[in-house]
Amino acid sequence: MTQSLTLRRPDDWHLHLRDGAMLGAVLPETTRHFARAIIMPNLVPPVVTGAQAAAYRDRILAALPEGAAFTPLMTLYLTEDTDAEDVAEAHASGLVTAVKLYPAGATTNSASGVANFDKVRGVLDKMAEIGLPLCLHGEVTDEGIDIFDREAVFIDRVLDPIRRATPGLRTVMEHITTRDGVEYAKSQDNLGATITTHHLVINRNHILVGGIKPHYYCLPVAKREEHRLALRAAATSGDARFFLGTDSAPHLDAAKLSPCGCAGCFTATNTMSILAEVFEQDGALDRLEGFTSLNGPAFYGLPANDETITLTRGTPVEYPAQIATPEGPVTLFDPQMPLHWSVS
Ligand SMILES: NC(=O)N[C@@H](CC(=O)O)C(=O)O
Ligand SMILES: [Zn+2]
Ligand SMILES: [Zn+2]
(Lines give C-alpha, C1' and ligand atoms only; values in the text may rest on other atoms or scores of the structure.)
(Ligands and ions follow the chains in the order given, each with its own letter.)
Protein backbone atom coordinates (compact mmCIF):
# COMPACT_ATOMS: atom_id res chain seq x y z
CA MET A 1 0.00 0.00 0.00
CA THR A 2 1.24 3.49 -0.87
CA GLN A 3 2.46 5.22 2.28
CA SER A 4 3.64 8.52 0.93
CA LEU A 5 2.58 10.67 -1.98
CA THR A 6 4.29 13.78 -3.30
CA LEU A 7 2.23 16.18 -5.41
CA ARG A 8 2.77 19.53 -7.02
CA ARG A 9 1.43 22.05 -4.54
CA PRO A 10 -2.35 22.23 -4.99
CA ASP A 11 -4.49 25.27 -5.86
CA ASP A 12 -8.07 25.96 -4.88
CA TRP A 13 -10.14 27.15 -7.84
CA HIS A 14 -13.14 28.32 -5.74
CA LEU A 15 -12.59 29.81 -2.29
CA HIS A 16 -14.39 32.19 0.07
CA LEU A 17 -12.00 34.15 2.28
CA ARG A 18 -14.50 36.82 3.46
CA ASP A 19 -13.03 39.99 4.96
CA GLY A 20 -11.87 41.57 8.21
CA ALA A 21 -11.56 39.30 11.26
CA MET A 22 -12.87 36.24 9.39
CA LEU A 23 -10.29 36.72 6.62
CA GLY A 24 -7.50 36.81 9.18
CA ALA A 25 -8.77 33.61 10.82
CA VAL A 26 -9.40 31.47 7.72
CA LEU A 27 -6.55 32.56 5.42
CA PRO A 28 -3.84 30.45 7.19
CA GLU A 29 -6.07 27.38 6.81
CA THR A 30 -5.73 27.75 3.04
CA THR A 31 -2.15 29.00 2.74
CA ARG A 32 -0.85 26.03 4.76
CA HIS A 33 -1.44 23.74 1.76
CA PHE A 34 -2.49 25.78 -1.26
CA ALA A 35 -0.33 28.00 -3.46
CA ARG A 36 -3.12 29.92 -5.20
CA ALA A 37 -6.86 30.28 -5.02
CA ILE A 38 -9.63 31.87 -7.03
CA ILE A 39 -11.11 34.29 -4.53
CA MET A 40 -14.88 34.61 -4.64
CA PRO A 41 -16.18 38.20 -4.79
CA ASN A 42 -19.44 37.79 -2.82
CA LEU A 43 -18.53 40.18 -0.02
CA VAL A 44 -20.99 42.70 1.38
CA PRO A 45 -20.88 44.92 -0.66
CA PRO A 46 -19.66 42.72 -3.53
CA VAL A 47 -16.35 43.12 -5.38
CA VAL A 48 -17.70 44.60 -8.60
CA THR A 49 -15.06 46.95 -10.00
CA GLY A 50 -11.37 46.60 -10.73
CA ALA A 51 -10.64 49.14 -8.00
CA GLN A 52 -12.59 47.06 -5.45
CA ALA A 53 -10.74 43.89 -6.51
CA ALA A 54 -7.36 45.65 -6.14
CA ALA A 55 -8.30 46.86 -2.65
CA TYR A 56 -9.54 43.38 -1.64
CA ARG A 57 -6.36 41.77 -2.96
CA ASP A 58 -4.33 44.21 -0.84
CA ARG A 59 -6.34 43.29 2.26
CA ILE A 60 -5.70 39.58 1.59
CA LEU A 61 -1.97 40.15 1.07
CA ALA A 62 -1.82 42.22 4.28
CA ALA A 63 -3.49 39.37 6.20
CA LEU A 64 -1.10 36.65 4.95
CA PRO A 65 0.67 34.69 7.69
CA GLU A 66 4.37 35.48 7.88
CA GLY A 67 6.39 33.61 5.27
CA ALA A 68 3.34 32.30 3.41
CA ALA A 69 3.78 32.03 -0.36
CA PHE A 70 0.25 32.46 -1.62
CA THR A 71 -1.23 34.19 -4.64
CA PRO A 72 -4.88 35.27 -4.52
CA LEU A 73 -6.41 35.13 -8.00
CA MET A 74 -9.06 37.81 -8.00
CA THR A 75 -12.52 37.78 -9.55
CA LEU A 76 -15.15 40.40 -10.31
CA TYR A 77 -18.80 40.01 -9.31
CA LEU A 78 -20.90 40.43 -12.44
CA THR A 79 -23.90 42.76 -12.14
CA GLU A 80 -26.33 44.04 -14.72
CA ASP A 81 -24.45 47.37 -14.54
CA THR A 82 -20.93 45.98 -14.90
CA ASP A 83 -18.85 48.06 -17.29
CA ALA A 84 -17.19 45.94 -20.00
CA GLU A 85 -14.28 48.39 -20.27
CA ASP A 86 -13.56 48.23 -16.54
CA VAL A 87 -13.52 44.43 -16.79
CA ALA A 88 -11.18 44.53 -19.81
CA GLU A 89 -8.83 46.92 -18.00
CA ALA A 90 -8.75 44.77 -14.86
CA HIS A 91 -7.90 41.77 -17.04
CA ALA A 92 -5.25 43.58 -19.10
CA SER A 93 -3.44 44.74 -15.95
CA GLY A 94 -3.29 41.16 -14.68
CA LEU A 95 -5.52 42.00 -11.71
CA VAL A 96 -8.38 39.56 -12.34
CA THR A 97 -8.40 35.93 -13.43
CA ALA A 98 -12.16 35.48 -13.92
CA VAL A 99 -15.58 37.07 -13.64
CA LYS A 100 -18.24 35.44 -11.46
CA LEU A 101 -21.90 35.23 -12.38
CA TYR A 102 -24.40 34.73 -9.58
CA PRO A 103 -28.04 34.47 -10.62
CA ALA A 104 -29.73 37.06 -8.40
CA GLY A 105 -30.86 35.42 -5.17
CA ALA A 106 -29.29 32.01 -5.88
CA THR A 107 -26.91 31.84 -2.92
CA THR A 108 -25.10 33.73 -0.13
CA ASN A 109 -24.72 37.45 -0.97
CA SER A 110 -26.06 37.11 -4.49
CA ALA A 111 -28.68 39.88 -4.28
CA SER A 112 -26.66 42.06 -6.69
CA GLY A 113 -26.34 39.23 -9.19
CA VAL A 114 -27.92 38.89 -12.60
CA ALA A 115 -31.69 38.55 -13.12
CA ASN A 116 -31.86 39.49 -16.79
CA PHE A 117 -29.10 37.67 -18.64
CA ASP A 118 -29.53 39.85 -21.75
CA LYS A 119 -28.18 42.77 -19.75
CA VAL A 120 -24.73 41.17 -19.40
CA ARG A 121 -24.43 40.16 -23.06
CA GLY A 122 -21.99 43.01 -23.84
CA VAL A 123 -19.68 42.08 -20.97
CA LEU A 124 -19.74 38.38 -21.93
CA ASP A 125 -18.91 39.22 -25.56
CA LYS A 126 -15.98 41.33 -24.37
CA MET A 127 -14.79 38.48 -22.12
CA ALA A 128 -14.91 36.01 -25.01
CA GLU A 129 -12.90 38.47 -27.12
CA ILE A 130 -10.16 38.95 -24.51
CA GLY A 131 -10.11 35.36 -23.22
CA LEU A 132 -11.32 36.09 -19.69
CA PRO A 133 -13.15 33.08 -18.15
CA LEU A 134 -16.67 33.24 -16.72
CA CYS A 135 -17.35 31.28 -13.51
CA LEU A 136 -20.98 30.50 -12.79
CA HIS A 137 -23.04 29.57 -9.78
CA GLY A 138 -25.31 27.26 -11.76
CA GLU A 139 -28.75 27.31 -10.21
CA VAL A 140 -32.00 28.90 -11.34
CA THR A 141 -34.00 30.73 -8.72
CA ASP A 142 -37.59 30.32 -9.98
CA GLU A 143 -39.82 29.57 -7.01
CA GLY A 144 -41.54 26.76 -8.88
CA ILE A 145 -38.34 24.84 -9.57
CA ASP A 146 -37.51 22.30 -6.91
CA ILE A 147 -34.22 23.06 -5.13
CA PHE A 148 -32.86 19.63 -6.11
CA ASP A 149 -33.53 20.36 -9.82
CA ARG A 150 -32.14 23.87 -9.98
CA GLU A 151 -28.73 22.92 -11.36
CA ALA A 152 -30.07 20.74 -14.17
CA VAL A 153 -32.60 23.40 -15.16
CA PHE A 154 -29.89 26.08 -15.11
CA ILE A 155 -27.80 24.08 -17.57
CA ASP A 156 -30.69 23.87 -20.06
CA ARG A 157 -32.21 27.31 -19.63
CA VAL A 158 -29.24 29.56 -18.86
CA LEU A 159 -25.82 28.00 -19.33
CA ASP A 160 -26.32 26.34 -22.68
CA PRO A 161 -28.01 29.42 -24.22
CA ILE A 162 -25.18 31.66 -22.92
CA ARG A 163 -22.57 29.37 -24.44
CA ARG A 164 -24.38 29.24 -27.79
CA ALA A 165 -24.79 33.01 -27.86
CA THR A 166 -21.16 33.66 -26.90
CA PRO A 167 -18.98 31.18 -28.76
CA GLY A 168 -15.43 31.00 -27.47
CA LEU A 169 -16.35 32.17 -23.96
CA ARG A 170 -14.33 30.08 -21.52
CA THR A 171 -16.72 28.91 -18.83
CA VAL A 172 -16.35 27.25 -15.45
CA MET A 173 -19.32 25.43 -13.96
CA GLU A 174 -18.63 26.02 -10.28
CA HIS A 175 -19.27 23.38 -7.63
CA ILE A 176 -21.23 20.92 -9.79
CA THR A 177 -23.46 18.60 -7.79
CA THR A 178 -25.23 16.41 -10.35
CA ARG A 179 -24.72 13.77 -12.98
CA ASP A 180 -26.29 16.32 -15.36
CA GLY A 181 -23.45 18.72 -14.56
CA VAL A 182 -20.83 16.03 -15.18
CA GLU A 183 -22.42 15.03 -18.47
CA TYR A 184 -22.77 18.58 -19.73
CA ALA A 185 -19.13 19.33 -18.85
CA LYS A 186 -18.00 16.24 -20.76
CA SER A 187 -19.96 17.32 -23.84
CA GLN A 188 -18.30 20.74 -24.15
CA ASP A 189 -15.02 22.38 -25.13
CA ASN A 190 -13.62 25.53 -23.51
CA LEU A 191 -15.36 24.49 -20.33
CA GLY A 192 -14.14 23.42 -16.91
CA ALA A 193 -16.05 22.24 -13.85
CA THR A 194 -14.99 22.54 -10.25
CA ILE A 195 -15.99 19.92 -7.71
CA THR A 196 -15.94 20.52 -3.97
CA THR A 197 -14.51 18.24 -1.33
CA HIS A 198 -17.79 17.92 0.53
CA HIS A 199 -19.87 16.98 -2.52
CA LEU A 200 -17.58 13.96 -3.01
CA VAL A 201 -18.44 12.83 0.52
CA ILE A 202 -22.05 13.72 1.36
CA ASN A 203 -25.40 13.16 -0.26
CA ARG A 204 -28.69 14.72 0.81
CA ASN A 205 -29.28 12.10 3.47
CA HIS A 206 -26.36 13.51 5.45
CA ILE A 207 -28.29 16.78 5.75
CA LEU A 208 -31.71 15.39 6.56
CA VAL A 209 -31.65 11.88 8.03
CA GLY A 210 -31.65 11.49 11.81
CA GLY A 211 -32.13 15.21 12.46
CA ILE A 212 -31.29 18.29 10.44
CA LYS A 213 -27.52 18.93 10.14
CA PRO A 214 -26.92 22.60 9.38
CA HIS A 215 -23.18 22.11 8.89
CA TYR A 216 -23.89 19.95 5.81
CA TYR A 217 -26.15 22.56 4.24
CA CYS A 218 -24.55 24.37 1.34
CA LEU A 219 -25.56 25.55 -2.10
CA PRO A 220 -26.00 23.95 -4.47
CA VAL A 221 -27.47 21.54 -1.94
CA ALA A 222 -26.08 17.98 -1.95
CA LYS A 223 -28.18 15.67 -4.12
CA ARG A 224 -29.02 11.94 -4.28
CA GLU A 225 -26.34 9.29 -3.90
CA GLU A 226 -26.26 8.59 -7.66
CA HIS A 227 -25.14 12.17 -8.21
CA ARG A 228 -22.42 11.96 -5.56
CA LEU A 229 -21.13 8.82 -7.29
CA ALA A 230 -21.10 10.62 -10.66
CA LEU A 231 -19.05 13.43 -9.10
CA ARG A 232 -16.60 10.94 -7.62
CA ALA A 233 -16.22 9.18 -10.94
CA ALA A 234 -15.56 12.51 -12.67
CA ALA A 235 -13.08 13.77 -10.06
CA THR A 236 -11.10 10.53 -9.99
CA SER A 237 -11.27 9.91 -13.76
CA GLY A 238 -8.28 12.01 -14.71
CA ASP A 239 -10.45 13.99 -17.17
CA ALA A 240 -8.77 17.42 -17.24
CA ARG A 241 -12.09 19.27 -17.36
CA PHE A 242 -12.66 18.51 -13.67
CA PHE A 243 -10.63 20.18 -10.94
CA LEU A 244 -10.78 21.09 -7.28
CA GLY A 245 -12.67 24.14 -6.10
CA THR A 246 -13.27 23.56 -2.41
CA ASP A 247 -15.94 26.26 -2.10
CA SER A 248 -14.71 26.42 1.48
CA ALA A 249 -17.29 28.90 2.78
CA PRO A 250 -16.88 29.86 6.44
CA HIS A 251 -19.88 31.10 8.40
CA LEU A 252 -19.91 31.67 12.14
CA ASP A 253 -21.61 28.82 13.99
CA ALA A 254 -24.17 31.33 15.25
CA ALA A 255 -25.16 32.01 11.63
CA LYS A 256 -25.28 28.30 10.70
CA LEU A 257 -27.17 27.14 13.79
CA SER A 258 -30.16 29.39 13.37
CA PRO A 259 -33.81 29.13 12.25
CA CYS A 260 -32.54 30.37 8.87
CA GLY A 261 -29.06 28.90 8.73
CA CYS A 262 -26.49 30.09 6.17
CA ALA A 263 -25.36 27.89 3.29
CA GLY A 264 -21.71 26.84 3.19
CA CYS A 265 -19.28 24.15 4.35
CA PHE A 266 -15.86 25.07 5.71
CA THR A 267 -13.29 22.61 4.33
CA ALA A 268 -10.03 24.53 3.85
CA THR A 269 -8.33 22.87 6.83
CA ASN A 270 -8.91 19.17 6.10
CA THR A 271 -9.51 19.12 2.34
CA MET A 272 -6.24 17.47 1.35
CA SER A 273 -6.64 14.69 3.92
CA ILE A 274 -10.22 14.06 2.81
CA LEU A 275 -9.34 14.03 -0.89
CA ALA A 276 -6.47 11.60 -0.38
CA GLU A 277 -8.86 9.29 1.51
CA VAL A 278 -11.50 9.56 -1.24
CA PHE A 279 -9.03 8.96 -4.07
CA GLU A 280 -7.49 6.04 -2.17
CA GLN A 281 -10.92 4.47 -1.60
CA ASP A 282 -11.54 4.72 -5.35
CA GLY A 283 -8.13 3.32 -6.31
CA ALA A 284 -7.16 6.62 -7.91
CA LEU A 285 -4.36 8.05 -5.78
CA ASP A 286 -2.29 8.42 -8.94
CA ARG A 287 -4.92 10.87 -10.26
CA LEU A 288 -5.11 13.09 -7.18
CA GLU A 289 -2.39 15.41 -8.47
CA GLY A 290 -4.28 16.04 -11.70
CA PHE A 291 -7.41 17.00 -9.79
CA THR A 292 -5.75 19.24 -7.19
CA SER A 293 -2.67 20.58 -8.95
CA LEU A 294 -2.62 20.18 -12.75
CA ASN A 295 -6.06 20.42 -14.38
CA GLY A 296 -6.98 23.79 -12.88
CA PRO A 297 -3.82 25.62 -13.97
CA ALA A 298 -4.11 24.05 -17.42
CA PHE A 299 -7.67 25.37 -17.80
CA TYR A 300 -6.69 28.86 -16.66
CA GLY A 301 -3.52 28.86 -18.81
CA LEU A 302 -1.22 29.11 -15.80
CA PRO A 303 1.85 27.00 -15.00
CA ALA A 304 1.47 24.27 -12.38
CA ASN A 305 3.28 25.03 -9.13
CA ASP A 306 6.95 24.01 -8.95
CA GLU A 307 6.89 23.35 -5.20
CA THR A 308 5.46 20.09 -3.85
CA ILE A 309 3.63 18.82 -0.79
CA THR A 310 3.91 15.34 0.62
CA LEU A 311 1.02 13.36 2.02
CA THR A 312 1.84 10.55 4.43
CA ARG A 313 -0.38 7.62 5.37
CA GLY A 314 -0.49 6.63 9.04
CA THR A 315 -2.75 6.49 12.04
CA PRO A 316 -5.84 8.65 11.56
CA VAL A 317 -5.20 12.40 11.76
CA GLU A 318 -7.34 14.38 14.18
CA TYR A 319 -8.66 17.76 13.12
CA PRO A 320 -10.28 20.18 15.54
CA ALA A 321 -14.07 20.35 15.36
CA GLN A 322 -13.90 24.12 15.00
CA ILE A 323 -11.49 26.93 14.33
CA ALA A 324 -11.62 30.07 16.47
CA THR A 325 -12.20 33.51 14.99
CA PRO A 326 -12.41 36.79 16.92
CA GLU A 327 -16.17 36.77 16.24
CA GLY A 328 -16.79 33.18 17.33
CA PRO A 329 -16.17 29.59 16.22
CA VAL A 330 -16.46 28.21 12.69
CA THR A 331 -17.16 24.48 12.47
CA LEU A 332 -14.97 22.41 10.19
CA PHE A 333 -16.63 20.01 7.75
CA ASP A 334 -16.82 16.54 9.35
CA PRO A 335 -16.42 13.82 6.71
CA GLN A 336 -17.58 11.13 9.18
CA MET A 337 -14.71 8.80 8.33
CA PRO A 338 -11.18 8.30 9.63
CA LEU A 339 -8.60 10.30 7.66
CA HIS A 340 -5.32 8.45 7.31
CA TRP A 341 -3.43 10.98 5.18
CA SER A 342 -1.68 13.96 6.69
CA VAL A 343 0.21 16.71 4.91
CA SER A 344 3.79 16.98 6.04
N1 LIG B 1 -21.61 27.44 -1.35
C2 LIG B 1 -22.30 27.96 -0.36
O3 LIG B 1 -23.17 27.29 0.19
N4 LIG B 1 -22.08 29.22 0.08
C5 LIG B 1 -21.21 30.20 -0.50
C6 LIG B 1 -21.75 30.82 -1.76
C7 LIG B 1 -21.65 29.94 -2.98
O8 LIG B 1 -20.56 29.52 -3.36
O9 LIG B 1 -22.68 29.65 -3.60
C10 LIG B 1 -20.96 31.30 0.55
O11 LIG B 1 -20.48 32.37 0.18
O12 LIG B 1 -21.21 31.06 1.72
ZN1 LIG C 1 -21.98 29.20 -5.50
ZN1 LIG D 1 -18.73 29.37 -3.29
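Throughout what follows, the structure given in this document is the object of discussion. (Residues numbered from 1 in each chain as written. Chains lettered and ligands numbered in written order. Predicted model: local features only at pLDDT ≥ 70, side-chain atom pairs only at ≥ 80, totals over all residues. Heavy atoms only, no water.)

### Let's talk about the environment of Ala230
Selection rule: Working definition: helices are DSSP H or I runs of at least four residues, strands are E runs of at least two. Numbering for both runs from the N terminus. Exposed residues in this analysis have more than 50% of their type's maximum accessible area, buried residues have under 20%, and partly exposed residues fall in between, with area computed by a 1.4 Å probe over protein chains only. Contacts between residues were defined by any pair of non-hydrogen atoms, one from each residue, lying within 4.5 Å.
Considering the arrangement of structural elements, one finds Ala230 in helix H8 (residues 225-235). Classification of Ala230 by relative accessible area gives buried; the value is 11%. Through-space distance from the C-alpha of Ala230 to that of Glu183 is 9.1 Å; in sequence the pair is 47 residues apart. Excluding its chain neighbours within four sequence positions, the residues that come into contact with Ala230 are Arg179 and Val182.

### A word on the layout of surface pockets
Heads up, the rule is: Here a cavity denotes grid points, spaced 1 Å and computed from the protein atoms alone, that fit a 1.4 Å probe unable to get out, and a pocket denotes an open set having protein on both sides within 12 Å along at least 5 of 7 lines; residues with an atom within 4 Å of a point are the lining. Grid points are joined across faces, edges and corners, and a volume is the space filled by probe spheres set on the points. Residue polarity is assigned by list, with Asp, Glu, Lys and Arg as charged and Ala, Val, Leu, Ile, Met, Phe, Trp, Tyr, Cys and Pro as nonpolar; anything else, Gly included, falls into the polar class.
There is about 230 Å³ of room inside the largest pocket. Contributing to the lining of the largest pocket are 16 residues, with Asn270, Tyr319, Asp334, Pro335 and Leu339 lying nearest its centre. Partitioning the lining of the largest pocket into residue classes produces 11 nonpolar, 3 polar and 2 charged. Put simply, the second largest pocket is a space of about 190 Å³. Split by residue class, the lining of the second largest pocket holds 5 nonpolar, 4 polar and 2 charged.

### A few points about helix H11 (residues 288-300)
Condition: Here the expected length of a helix is defined as 1.5 Å per residue gap, with one fewer gap than residues. Bend at a residue means the angle formed by two fitted axes: the first through the 7 residues ending at that position, the second through the 7 residues beginning there.
Counted at 1.5 Å a residue, the expected span for H11 with its 13 residues is 18 Å, and the 18 Å between its end C-alpha atoms agrees. The sharpest bend along H11 measures roughly 45° and falls at Leu294, with the proline Pro297 sitting one to four residues further on. Of all 13 residues in H11, 10 are buried, a share of seventy percent or more. What H11 keeps buried is the set Leu288, Gly290, Phe291, Thr292, Ser293, Asn295, Gly296, Pro297, Phe299 and Tyr300. After H11 finishes, the residue Gly301 shows a positive phi value of roughly 70°.

### Remarks on the coordination of the zinc ion (ligand 3)
Tetrahedral coordination by four donors places them ideally at 109.5 degrees to one another around the metal; octahedral coordination by six donors ideally gives 90 or 180 degrees. Applicable threshold: In this description, a donor is an N, O or S atom within 2.8 Å of the metal centre, a cutoff extended to 3.2 Å for sodium, potassium and calcium. Water is not part of the atom list, which can make sites seem incomplete. Square planar and octahedral assignments, for four and six donors respectively, both demand that opposite donors be over 155 degrees apart and that all other angles lie between 65 and 115; tetrahedral needs four donors with all angles between 85 and 135 degrees, and anything else is irregular.
Bound to the zinc ion (ligand 3) on the protein side are His14 (NE2), His16 (NE2) and Asp247 (OD), at distances that span 1.9 to 2.0 Å. Given 4 donor atoms and angles of 95 to 130° at the metal, the environment of the zinc ion (ligand 3) is assigned as tetrahedral. Each donor residue of the zinc ion (ligand 3) belongs to the same chain, and together they define the spacing H-x1-H-x230-D.

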